[in-house]
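Fold and geometry: a report
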Amino acid sequence: MALGVRWTLHGDGRTPAPGAVVRPDERLSWPRTAGLGAQHVVAMFGASFVAPVLMGLDPNLAIMMSGLATMIFLLATRGRIPSYLGCSLSFVGVAAAIRAGGGDSATVTGAVFVVGAALFLAGLAVQRFGARIIHAAMPPVVTGAVVMLIGFNLAPVTAATYWPQDQWTALLVMLFTGLAVVCLRGFWSRIAIFLGLVFGYGLSWVLDRVFGRIHSPVGGAEAVDHWRLDLSGVGKADWIGLPSFHAPAFEWSAILVALPVVIALIAENAGHVKAVGEMTGDALDDRLGTAIAADGAASMLSTAVGGPPNTTYSENIGVMAATRVYSTAAYWAAACFALLFGLCPKFGAVVAAIPGGVLGGITVILYGMIGLLGAQIWINGHVDLRNPLNLVPAAAGIIIGVGGVSLKITENFELGGIALGTIVVITGYHALRFFAPAHLKQQEPLLDAGTSAYDEQGTDDERAPRDTRS
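All values reported here derive from a predicted model rather than from experimental measurement.

The next subject is the overall build of the chain. The helix and strand inventory of the chain stands at 23 helices and 8 strands. Across the chain, contacts joining residues at least 24 apart in sequence account for 78% of those joining residues at least 6 apart. Counting every atom, the chain has about 20,600 Å² of accessible surface; 65% of that belongs to carbon and sulfur.

Here it is in structure tokens:
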């Protein structure tokens, strides 16, 4: 009971009564619970499989470690916070920056391991001092700006690496995915990224059959003739086997690039815990520190063996909201399914074969969504960008992070991109706040409203904060 792995049967175990919810410590019948677990796995397919491919890591290991990470999280939170931990997209830009600087997969996972350790320590601090220290150190204007620059820093990756491989496939996948996100309802809208991948996969196969090979660059290299969809690796892969493991390597330059993502992960976890608490009706503020620490510990375990870091997934919040089933038993089932998928190399080979043009169409939307989640944090936090105290550090940090501005410290060490942008936002905000007059600290609008004026006539519902994921 103390570990949250014992559940009482809800009603007859079949269907919740109208208006009723299945609480975290309840479950439906085991066949139905297993089905819900499979649904949770499908919900996280798109992002959790795309992320390791974009980071250059083994997707089989990613899905296996996501299952273990979910188990760790559920045990640490004593089954009070239903959640699935999948590969974090916040690190895609970090991985790209580290590889652009000459780093390999070991360097990427080493840097991310340190981020996991920092997240773990942050969780312990929140546990000790309370959630108020998060807002004091990282108010919404800071977290929003950091999330925004992390997302938009990825734009050159799409433009230079993925889109040129097959621009027409990328365009069609982008349009299809956009329509799926906007037009589909319920569960189907939650797996729109996955549906976009399936569409692009099929489209690439058809184009290969109809038009033959395409002449285009592959992975940023010179243009060559190649198949859009190369399934040669799938045939060679075994049905059952262990994924590839490797030890992390630690380099200060890579670590400094990765550390700013801690801010995004804390914001993700805080938003997730708040959303789950509102849905289940439980006060979970006392478990926020535990949730953050558990996420950090799970990421450390994953990266220690060569896997990607993990974070809570809002896609699975959507599944819970649609089904009104918050049982942690369903997440245990999902974690077990993930472990089984991770032991199938052939499945990983199918994921790794996703054509570059398909990733181009997906990432145009995905990276933009990550960046704009920073704006959502500003909206939820009622950040007034007409106040120079908010505007100046956010503006400077975002331009530095997105534009790749660098600052050379010594002959062998320089700060740039995400790392420098984050430092400018955090230190700039707190330094300016220290020297700013009192009327600026009161968040009064001092600049002309212009087109940024708030709609004071909007309804309460329109202005109410909404939970979202970075």
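Additional details are given in the paragraphs that follow.
Summed over all chains, the structure comprises 3 salt bridges. One salt bridge in this structure joins aspartate 166 and arginine 228, with 3.2 Å as the shortest N-O distance. With a gap of 62 residues between them, aspartate 166 in the loop between helix H8 (155-162) and helix H9 (167-183) and arginine 228 in the loop between strand E5 (223-226) and helix H12 (232-236) connect regions that are remote in the sequence. The same class applies to aspartate 166 as to arginine 228, namely buried. Ionic contacts of the salt-bridge type, sharing partners, join the residues Asp166, Asp208 and Arg228 into one network.

Attention shifts here to the packing of aromatic side chains. Given two aromatic rings, their pairing is described by the distance between the two centres and the angle made by the two planes. Taken as a whole and assessed by the stated rule, the structure comprises 4 aromatic pairs. Judged by centre distance (5.9 Å) and plane angle (75 degrees), the ring pair of phenylalanine 113 and phenylalanine 250 falls under edge-to-face. Within this pair, whereas phenylalanine 113 is found in helix H5 (residues 105-129), its partner phenylalanine 250 is found in the loop between H12 and helix H13 (252-258), the two being separated by 137 residues in sequence. Given the relative accessible area of 22%, phenylalanine 113 is considered partly exposed. According to the relative accessible area criterion, phenylalanine 250 is partly exposed, its value standing at 47%. Ring geometry for phenylalanine 434 against phenylalanine 435: centres 5.1 Å apart, planes inclined by 90 degrees, an arrangement best described as edge-to-face. Taken as a pair, phenylalanine 434 and phenylalanine 435 share a single burial class, namely exposed. Over the aromatic face of tryptophan 227 sits the side chain of arginine 209, whose NZ or CZ is 5.7 Å from the ring centroid. Positioned over the ring face of tryptophan 239 is lysine 346, at 5.2 Å from the centre of the ring.

With that out of the way, let us pick up the nonpolar core. Ranked by size, the top nonpolar core spans 98 residues in total, and within it Met55, Ile266, Tyr367 and Trp378 carry the most contacts. Ignoring any residue separated from it by four or fewer positions in sequence, one finds methionine 55 in contact with Cys87, Ser88, Phe91, Val92, Ala95, Arg99, Val108, Pro308 and Pro309. By size, the runner-up hydrophobic cluster in this structure holds 5 residues, among which are Leu28, Leu36, Val325 and Ala330.

Looking now at the packing of helix H7 (residues 140-152) against helix H21 (residues 417-435). The geometry of H7 relative to H21 is characterised by a closest axis approach of 10 Å and an angle of 165 degrees between their N-to-C directions. The pairing of H7 with H21 is recorded here as roughly antiparallel in orientation. Between H7 and H21 the crossing geometry is right-handed. Counted together, Val141, Val142, Ala145, Val146, Leu149 and Ile150 of H7 and Ile418, Gly421, Thr422, Val425, Ile426 and Tyr429 of H21 form the full contact between these two elements. Along the lines of polarity and charge, the residues of the contact of H7 with H21 split into 10 nonpolar, 2 polar and no charged.

Turning next to a nonpolar patch on the surface. A cluster of nonpolar side chains, namely Trp205, Val206, Val210 and Phe211, defines an oily patch on the protein surface of about 440 Å² accessible area. Relative to the elements of secondary structure, tryptophan 205 occurs in helix H11 (residues 192-211). Of the residues examined, tryptophan 205 reaches a relative accessible area of 45% and is grouped as partly exposed.

Now for the environment of alanine 122. Residue position: alanine 122 is located in helix H5. Distance in space between the C-alpha atoms of alanine 122 and glycine 296 is 8.7 Å, their sequence separation being 174 residues. Setting aside residues up to four positions removed in sequence, alanine 122 forms contacts with Ile266 and Ile292.

Moving on, we get to helix H20 (residues 388-403). Across its 16 residues, H20 extends 22 Å between first and last C-alpha, which sits within 8% of the 22 Å expected from 1.5 Å per residue. Listed in full, the buried residues belonging to H20 are Leu389, Asn390, Pro393, Ala394, Gly397, Ile398, Ile400 and Gly401. One side of H20 carries all its buried residues, which in axial view fall inside an arc of 165 degrees. Away from the buried face of H20 by more than 90 degrees, exposed residues Ile399 and Gly403 are located. Where H20 is buried, its residues touch H7, helix H19 (356-380), H21 and helix H22 (438-441). Between the side-chain oxygen at the start of H20 and the backbone nitrogen of leucine 389 there is a gap of 3.0 Å, and the oxygen is on asparagine 387. One or two positions beyond H20, positive phi appears at glycine 404, with a value near 75 degrees.

A positive phi angle, close to 55 degrees, is found at arginine 78, a residue other than glycine. In this fold, arginine 78 is placed in the loop between helix H3 (59-76) and strand E3 (85-87). In this model, histidine 382 sits at a positive phi of 55 degrees, which is unusual for a non-glycine residue. Exposure remark for histidine 382: the relative accessible area of 56% places this residue in the exposed category.

Running from N to C, helix H4 (residues 92-100) and H5 point in directions that differ by 135 degrees, and their axes come no closer than 9 Å. One way to sum up the angle between H4 and H5 is to call them oblique. The way H4 lies across H5 gives a crossing that is right-handed. Here H4 contributes Ala95, Ile98 and Arg99 to the contact with H5, which in turn contributes Ser105, Thr107, Val108 and Ala111.

Here is what the cut-offs are and how they apply
- Throughout this document, residue positions are counted from 1 along each chain, in the order its sequence is written.
- Reporting in this predicted model follows two pLDDT cut-offs: at least 70 for local features of residues, and 80 or more for side-chain atom pairs to be given and counted; totals over whole chains, interfaces and linings ignore these cut-offs and use all residues.
- The basis for every side-chain value is the complete set of heavy atoms in the structure, and neither hydrogens nor water enter the calculation.
- Where helices and strands are cited, they refer to DSSP runs of H or I of at least four residues and of E of at least two residues respectively, numbered from the N terminus.
- Residue contacts are defined here by distance: any two heavy atoms, one from each residue, within 4.5 Å place the two residues in contact.
- To measure how exposed things are, a 1.4 Å probe is used in the Shrake-Rupley method; for residues, cover is taken only from the protein chains shown.
- Should a side-chain nitrogen of Lys or Arg be within 4 Å of a carboxyl oxygen of Asp or Glu, the pair is scored as a salt bridge.
- Remark: exposure states derive from per-residue accessible area (1.4 Å probe, protein chains only) relative to the maximum for the residue type, with buried under 20%, exposed over 50%, and partly exposed in between.
- For Phe, Tyr and Trp, rings pair up if their centres lie within 6.5 Å, where Trp contributes its six-membered ring, and each pair is then called stacked (planes under 30 degrees apart), edge-to-face (over 60) or tilted (otherwise).
- In our convention, an over-ring charge means Lys NZ or Arg CZ found within 6 Å of a ring centre and within 35 degrees of that ring's normal.
- Only buried residues count toward a nonpolar core. Its members are Ala, Val, Leu, Ile, Met, Phe, Trp, Tyr and Cys residues joined through side-chain atoms within 4.5 Å.
- Axis angles are defined between N-to-C directions and span 0 to 180 degrees, where every axis is a line fitted to C-alpha atoms and, for a helix, only to the segment in contact.
- Geometric relationships in this document are graded by angle, where less than 35 degrees denotes roughly parallel, more than 145 denotes roughly antiparallel, 65 to 115 denotes roughly perpendicular, and other angles denote oblique.
- With the far helix as reference, a near helix turned anticlockwise by less than a right angle produces a left-handed crossing, and one turned clockwise produces a right-handed crossing.
- When residues are grouped by polarity, Ala, Val, Leu, Ile, Met, Phe, Trp, Tyr, Cys and Pro land in nonpolar, Asp, Glu, Lys and Arg in charged, and all others, Gly among them, in polar.
- Each patch is assembled from residues with relative accessible area greater than 30% and no salt bridge, linking like charges that lie within 9 Å and nonpolar side chains (Val, Leu, Ile, Met, Phe, Trp, Tyr) that lie within 5 Å.
- Multiply 1.5 Å by the residue count of a helix minus one, and that product is the helix's expected span.
- Note: the arc covers the axis-to-C-beta directions of the helix.
- Pairing of N or O atoms within 3.5 Å defines a polar contact, subject to two protein rules: one partner must be a possible hydrogen donor and the other a possible acceptor, and residues neighboring in sequence count only if both atoms are side-chain atoms.

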